[in-house]
Amino acid sequence: MQASESSAGNAAKLILAWGFVGIPLAWGVIETVINALKLFQ
């Protein structure tokens, strides 16, 4: 039981870490694509 609780805690931390890193990263990629589209119009 303890192993499943710790793996669930690790999964939550992993999801939180990916959200913390991934959301700004995705935002930067989207802004870059938008700026590139403006340049190539």
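Residues numbered from 1 in each chain as written. Predicted model: local features only at pLDDT ≥ 70, side-chain atom pairs only at ≥ 80, totals over all residues. Heavy atoms only, no water.

Caption draft 1: Structural detail: the overall build of the protein. The secondary structure content of the protein amounts to one helix and zero strands. Counting across all 41 residues of the protein, residues that qualify as buried make up 0%. By element, 75% of the accessible surface of the protein is carried by carbon and sulfur atoms, the whole surface being about 4000 Å². (Helix = DSSP H or I, 4+ residues; strand = E, 2+ residues; numbered from the N terminus. Buried < 20%, exposed > 50% of the residue type's maximum accessible area, 1.4 Å probe, protein only. Areas by Shrake-Rupley, 256 points an atom, 1.4 Å probe, with all protein chains shown as cover.)

Caption draft 2: Looking closely at a nonpolar patch on the surface. A contiguous nonpolar patch, built from Leu25, Val29, Val33 and Leu37 and spanning about 380 Å² of accessible area, is present on the exposed surface. Within the element layout of this structure, valine 29 appears in helix 1 (residues 2-39). Looking at valine 29, the relative accessible area reads 49%, which means it is partly exposed. (Patch = residues over 30% accessible without salt bridge, like charges linked within 9 Å, V, L, I, M, F, W, Y side chains within 5 Å. Salt bridge = Lys/Arg side-chain N within 4 Å of Asp/Glu carboxyl O.)

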